[in-house]
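As a plain string of letters, each chain reads:
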Amino acid sequence: MISARLTVNDEEREIAFWPSDTLLFVLRERLGLTGAKPGCLNGDCGACTVNVNGTAMKSCLMLAVEGMNQTIRTIEGLKDSPIQHAFIEHFAFQCGYCTPGFIMNINSLLKKHPNADDSTIKEFLSSNICRCTGYQEIEKAVKSLLKINREDKAGLPNDE
Amino acid sequence: MLPYDFDYYLPKTVEEGVRLFQQLEREGKIPVYYSGGTEIITLGRLNLVETNAVIDIKAIGECKEFTIKDQQLIVGSALSLTAVEEKNVFPLLSKAASGVADHTARNKITVGGNICGQIFYREAVLPFLLTDSHVVIAGKNGLRQTPIHQLFKRNLKLQKGEFLVQLHTDRRFLRMPYVCVKRRQQWDTGYPLITVAVLKKEDETRIAISGLCPFPFRAFEMEKSIQQVGPLGDRIQEALRHVPQPVLDDVEGSSGYRVFVLEQMLQDLLRELEGNHP
Amino acid sequence: MGLIGKSVFRKEAWEKVTGTARYTADYPATDSLHAKIVVSPYAHAVIKSIHIAKAKEVFGVRAVITGEHFPLTGEEIRDRPVLAKNKVRHHGEAVALVVADTPQQAKRAAELIEVEYEQLPVVHSPTEALKPNAPLVHEQLGSYKKEDRVYPEPGTNVANRTKIRKGSMERGWNLSEVVVEERFSFSPSDHAAMETRCSTAEIHPDGNVYIMTSSQAPFMVKRLIHDYFGVDIGKIVVETPLVGGAYGGKASIQLELLAFIASIAVGGRKVRILNIREQDMLTSPCHIGLDATVKLGSTRDGKIQAAELLFLFDGGAYSDKGADLNRAAAVDCTGPYDIDHVWCDSLCVYTNHPYAAPFRGFSHSELLFTVERTMDVLADKLGMDRLQLRYINAIRPGDTTPTQVKLNKSNVGNLPECIVRLKKMIDWDMGMIQDLGNDKLRVKGVSCIWKTSTIESDAGSGVTLSFNPDGSINLISGVIEIGTGTKTILAQILAERLKMDIRMVHVQMKVNTQSTPEHWKTVASRGTFMAGRAVLAAAEDLIEQLKSIASCVLRVQAADLEVGYGKVFLRDEPETHLDIKDVAYGYVYPNGNGIGGQIIGRGHYNLRRLTYLDKETGAGKPGPEWSVGAQAVEIEYDKKHLTYRIVRAFSAVDIGTVLNEKAARGQVMGAMSMGLAFGGRETFVFDEWGRVLNPQLRTYRPLRYGEHPEYHVEFVVTPQLDAAYGARGAGEHGLMGMPAALGNALSLAAGVKLNELPLIPEQIWKMKQKEGHSHASL
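Everything numeric here is computed off the predicted structure, so don't read it as measured data.

Here is what the cut-offs are and how they apply
Counting from 1, residues in each chain are numbered in the order their sequence is written. Chain A is the first chain written and ligand 1 is the first ligand written, with later ones labelled in order. In keeping with the predicted nature of the model, local features appear solely for residues at pLDDT of at least 70, side-chain atom pairs appear and are counted solely at 80 or more, and the whole-chain, interface and lining totals rest on all residues. Here the side-chain values reflect all heavy atoms present in the structure, with hydrogen atoms and water set aside. Domain extents, as shown, originate in an automatic or database domain assignment. We call two residues in contact whenever any of their non-hydrogen atoms come within 4.5 Å of each other. The term buried area refers to how much accessible surface (probe radius 1.4 Å) is lost by two components on association, counted for both of them together. Any Lys or Arg side-chain nitrogen found within 4 Å of a carboxyl oxygen on Asp or Glu counts as a salt bridge. Any pair of nitrogen or oxygen atoms within 3.5 Å is treated as a polar contact; in protein, a donor-acceptor pairing is required on top of that, and neighbouring residues in sequence qualify only through side-chain atoms on both sides. The helix count covers DSSP runs of H or I at least four residues long, the strand count covers runs of E at least two residues long, and both are numbered beginning at the N terminus. Each residue gets one label: Ala, Val, Leu, Ile, Met, Phe, Trp, Tyr, Cys and Pro are nonpolar, Asp, Glu, Lys and Arg are charged, and the others, such as Gly, are polar. Of the two site types, the cavity is a set of points on a 1 Å grid over the protein atoms alone where a 1.4 Å probe fits but cannot get out, and the pocket is an open set with protein on both sides within 12 Å along at least five of seven lines, each lined by residues with an atom within 4 Å of a point. Grid points are joined across faces, edges and corners, and a volume is the space filled by probe spheres set on the points. Residue count minus one, scaled by 1.5 Å, sets the expected span of a helix. Accessibility here uses a 1.4 Å probe with only protein chains present; expressed as a share of the type maximum, an area under 20% marks a residue as buried, one over 50% as exposed, and anything in between as partly exposed. UniProt positions are given in the numbering used here, feature names are shortened, and annotations may be inferred rather than shown by experiment.

A. Spatial organisation of the domain arrangement of chain C. Residue and element names in this part refer to chain C. Here the domain parsing of chain C yields domain 1 (31–120 + 194–246 + 250–282), domain 2 (286–455 + 611–777) and domain 3 (459–606). If you average the C-alpha positions of domain 1 and of domain 2, the two centres end up 35 Å apart. Domain 1 puts 23 residues into the contact, and the matching count from domain 2 is 27 residues. Between domain 1 and domain 2 lies a buried interface of about 2,200 Å² when both sides are counted; carbon and sulfur atoms form 56% of it. Scanning the region where domain 1 abuts domain 2 turns up 3 salt bridges. Of the charged contacts in the structure, one is a salt bridge between Arg80 and Asp320, with a shortest N-O distance of 3.1 Å. The tally of links from domain 1 across to domain 2 stands at 13 residue pairs in polar contact (both at pLDDT 80 or more). For the side of domain 1 that touches domain 2, the elements supplying multiple residues, two or more each, are β5 (80–81) and α8 (277–282). Ranked by residue count, the leading element in the side of domain 1 that touches domain 2 is α8, at 4 residues. In terms of residue class, the side of domain 1 that touches domain 2 is built from 8 nonpolar, 7 polar and 8 charged.

B. Main features of empty space enclosed by the protein. Residue and element names in this part refer to chain C. For the structure on display, the rule yields 9 cavities of 30 Å³ or more. Around the largest cavity, the lining is made up of 46 residues, and of these Thr484, Ser525, Arg526, Gly731 and Glu732 lie nearest the centre. Looking at the lining of the largest cavity, the elements that each hand over two or more residues are α13 (486–497), α14 (527–554) and α15 (661–680). It is α15 that contributes the most residues to the lining of the largest cavity, 3 residues altogether. Lining the second largest cavity are 14 residues, with Arg80, Pro81, Val82, Ala94 and Gln254 sitting closest to its centre. When contributions to the lining of the second largest cavity are tallied by element, the ones reaching two or more residues are β5 and α7 (255–265).

C. Molecular detail of the domain arrangement of chain A. Residues and elements named next belong to chain A. Domains assigned within chain A are domain 1 (2–75) and domain 2 (82–149). Contacts between domain 1 and domain 2 engage 17 residues on the former and 13 residues on the latter. Taken over both partners, the interface formed by domain 1 and domain 2 buries close to 1,200 Å², and the fraction arising from carbon and sulfur atoms is 56%. Interface area lost by domain 1 to domain 2 is led by Thr49, Asn51 and Ile75, which between them contribute 35%. Contributions of two or more residues to the side of domain 1 that touches domain 2 are made by β3 (49–52) and β4 (55–58).

D. Local environment of helix α11 (residues 255–274) of chain B. All names here are of chain B. The end-to-end C-alpha separation of α11 is 28 Å, in line with the 28 Å expected for 20 residues at 1.5 Å each. With 14 of its 20 residues buried, α11 lies for the most part within the structure. Once α11 finishes, Gly275 follows within two positions and takes phi at roughly 70°, a positive value.

E. Region of interest: the environment of Gln118(B). Within the secondary structure layout, Gln118(B) lies in the loop between α6 (111–115) and α7 (125–130). For the pair Gln118(B) and Glu202(B), spaced 84 residues apart in the sequence, the C-alpha separation amounts to 34 Å.

F. Seen up close, the UniProt feature "domain: Aldehyde oxidase/xanthine dehydrogenase a/b hammerhead" (unreviewed entry) in chain C. Residues annotated in UniProt with the feature "domain: Aldehyde oxidase/xanthine dehydrogenase a/b hammerhead" (unreviewed entry) correspond here to residues 18–121 of chain C. Span residues 18–121 of chain C is 13% helix and 38% strand, its end C-alpha atoms 51 Å apart.

G. Highlighting the interface of chain A and chain C. Taken together, the 46 residues of chain A in the interface contact 54 residues of chain C. Of the roughly 4,200 Å² buried between chain A and chain C, counting both surfaces, carbon and sulfur atoms make up 57%. Contact with chain C buries area across many residues of chain A, yet Phe91(A), Gln94(A) and Arg131(A) alone supply 20% of it, more than any other trio. In this assembly, chain A and chain C are joined by 4 salt bridges. The closest approach of N and O atoms between Glu682(C) and Arg131(A), which form a salt bridge, is 2.5 Å.

Set out below in structure tokens:
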């Protein structure tokens, strides 16, 4: 067991965990942040995606110890963001299990590419699986958020 | 979730990394070098990787280097694939790397991790094989630099306790014409059925392939056939006679189908690179 | 209020986009032990011995369980041990269970259990299973306890056989001038819900059993734990929070049983089992496979006279819901066509594959793949337009189904209209093939769909409504929110009926079998139909109570009162009214006298006038209504590489009244996406020992973003008269015709008959090879 501090959603938290614990496990079982979901524990489905220094990361593919001295943001750290509104307005989820992962991936995408083209959107979003929608709804939600399509150019949380 | 525990080390220098490995081994531990760690985590959960001491090389400066020095592009082994793609100094490398796994996973997977992995495909090595790059290896006696062809025979032949620090590529190669195409069993996601990278160096056509066999390789023998004079179809048929064995025959595709796909791909790629050549 | 058809946002929307939505594994487990399953590496083998000593020594291990003393389980035939006993029958079958303080300890111990096996010959397919000398998957088939209407054939691998005998085949063939026959085959695959199954169980000292599970059928969990283990049914409480995708896979009761026996083993302490993805695919039940032969006969002008169908469903190692799946396929075996002479044998066959759960569409996408592919073959042989053939034979009011149900304007949708609509949507008259040059073709494929829901003949659904002091209403229904948005639809139905603001309807998402009225199972696109009716009944109950109090206060007859807009008012004099909030908790007179109390409404709906099928002919009324539709895909095919991409996908479906436009579109598109993935890529790949080689999402690949086509969905509206506001089921239909439409487009494009799934380029290549096309000639 090691005792360490992790910065998650703008809070510094001190917790004890094993070096072999994945970030996903620590977020869920030690910090009670269950927004990141286990879907495969194998880096395949993207349901556990969080942002680390503003970059999308599959938290099942990362050790918690690798998260030390990094800025970690989970879905719980996104409040009233345009992405969340867009997902609701465009019916971009059904069962909702993949949703936190998609939203965190999109959060990173829009930070890096505020006017992402189709191929960039595809490159990012094909990292996640949604089994319920036909993806067309998610596509519409994302495209509604591109800077060129938005009135307000309000910022998204910036962890870079 | 890993079923076992390990100690975690984060050395700051190459020397410290190497020393840690030796020390841990002396203590009876089973150390492994860790860079992106994705394979250690995913195979570890299936007990296919065993370790009780992880040495993370991400904090070692040399492993994160990405510069051009003395006409050489230096690529640190612990750089993530997406970091290399975004810099896009070496477009062929960007292209080959972008075929690995998916974008989010590539934020974690590193160049060195991909090249040194157990996975069959390891597409990130193809550009380095095509450009006769050099590898910089850290070991007991410090750093050594070796042509990749000497060390990469189906996989990177590292001695125990060694790790890949950098890859050096002559900058002249960076802008040479290339094509790199990944074909999958179906549509746009999944492992490669076949990935073919072709580089044109003046009159020379260089070919490297992943997914055909259980290892990526530079197709020297096939290149010779392609270099011959004659109709492209004949040269490809000749090249196919030099496909290394075994050809993969698995969930992604049968060996017969793989060869069919390879043939099609060679036709397309070579036609593209050779212009209007028959 | 005009809420019908309106795209109301789902009630749990903010929960789901903020990570606060809780699924079973999100509930804290600090008071819980954890179980891991040891599974069989073989498909068919005798268990010689199991050594658990080493596992027991692992720190934190509280129990190690093997299969000796548990009852046999199974919904129709009790053929399945909770943990394998004596032999294993499929790769991934649960053999032992370890319970420990942490999941890591349980996993470590599970890996130390040594099981000695002796491999047995493997039954690889239903066709093989029926061969005379095929190994038997169940030697004791004759001795199993079973329900009355399932017909296993002891001494063989047949778990169930459903027969359809309609008209006279002799006459049918005599009338047929053109006959075609095709064979089809595909292996089992998986639901691959993003949330892997998870169950916890605990048994309190008073004997009460508490289970929390990600399930479509918590009420069935309760019944079956009672049936299998003899626990008093009232002592079993099952909770189901939000479910992260189900698609039929969570309608089977499996992991709950393991959690329950694990809890027994540790003296009733709480035990959680969260499936890892690999075991979710292999150990928990999967999506059924099928071998089929379809023979159709028609007159030269395209009127189909006879259909002979043999469905051999690959039920896998255990019959469970497989025996119901084969029955449902028999019921709709002809596809949505009026055919007078029908012979069908639909079998659930045992093999050494993972066993089957329901899958969205309940065997209809499977049977329709075979029938709709054959329809194209028939159209070609007749030289007839493919949609025209379907139009001529389309099922209509007045026709009878294979089980001889006479259809009317309410119990069947309007298929001819769906076909007409589809024709326009896809520019059918522009032709099926467009040559784009460069070896590329644009090709269209079509298919028609229908389905009735063959659930229990008296299945029911209940709803309770309770007022809050502000006049808002709590809506409690046993429907599980698996992603379909049904609970939001129920709120719409209620708000529409009471002419109230939908924001004043509070929906309880979680189901607790002790406090939530039963909804049979959240399956078969029956949520909106059955629970919708129950909501309306409960609303009537509320209204009656509101009127009763108001009539007293206002000194008028209840019959003269109306309820709506937050008020109870006199019909002819609306200004004479009471606010509902002043009645909802009873009314207090100015002098302090109180009458009434919190108003609680209750309502239920049970399916009615459904019958069992006759054993010999299949005659009977198995479902309340048939939804219909016509679908198409447009692909871009590369003649040189034999590859393709799906460019557009179309559905014209008759789901009756559309209650929530965007939600309905979402259901149809999502189902289409799943159907395309099933048709185009998804399958378990088995090796020569019957092991599944791809039980991970990196090798078993659902559709990803960017692989999706453009979706076009249109609704034809034929209201179902006995449904709430005329809405038909909509959850499954988008899926059902996709594999067939894709197969039809691709067969046309490639010029070879593609009758196997999935439709990957290698299959085209193989067929081309078989047909003697050398690739040099392409």
